[in-house]
Amino acid sequence: MNIKLGETIRAFRKRNGRTQEELAAALGVSGQAVSRWEMGQGYPDMEFIPSLANYFGVHIDELFG
């Protein structure tokens, strides 16, 4: 299974017109963390998944395609 969570995060963020820094502030992480996620160099901790879904107004399933 190929998880493209970073691409999905980037797409939802851009769709909502938000910056990486805005997303980072909402989640309480660094802008570099969001950048790494979007570039596929890491994944958010599982504790952030519900917050990400809530931030974007989507179901958790939609984050994983």
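Each remark here, short or long, concerns the structure printed above.
Residues numbered from 1 in each chain as written. Predicted model: local features only at pLDDT ≥ 70, side-chain atom pairs only at ≥ 80, totals over all residues. Heavy atoms only, no water.

Each turn of an α-helix holds 3.6 residues, which means side chains three or four residues apart point in the same direction. Taken residue by residue, helix 2 (residues 20–27) has Leu-23, Ala-24 and Leu-27 as its buried positions. Taken down its axis, helix 2 places every buried residue within 100° of arc, on the same side. Exposed side of helix 2, more than 90 degrees from the buried face: Glu-21 and Ala-25 are the residues found there. At its buried positions, helix 2 is contacted by helix 1 (5–15), helix 3 (31–38) and helix 4 (49–56). Directly beyond the C-terminal end of helix 2, a positive phi value near 80° is found at Gly-28. (Buried < 20%, exposed > 50% of the residue type's maximum accessible area, 1.4 Å probe, protein only. Helix = DSSP H or I, 4+ residues; strand = E, 2+ residues; numbered from the N terminus. Arc of directions from axis to C-beta. Contact = heavy atoms within 4.5 Å.)

This brings us to a nonpolar patch on the surface. Taken together, the side chains of Ile-3, Tyr-43, Ile-60 and Phe-64 define a hydrophobic patch exposed on the protein surface, amounting to about 360 Å² of accessible area. With respect to the secondary-structure elements, Ile-3 resides in the segment before helix 1. (Patch = residues over 30% accessible without salt bridge, like charges linked within 9 Å, V, L, I, M, F, W, Y side chains within 5 Å. Areas by Shrake-Rupley, 256 points an atom, 1.4 Å probe, with all protein chains shown as cover. Salt bridge = Lys/Arg side-chain N within 4 Å of Asp/Glu carboxyl O.)

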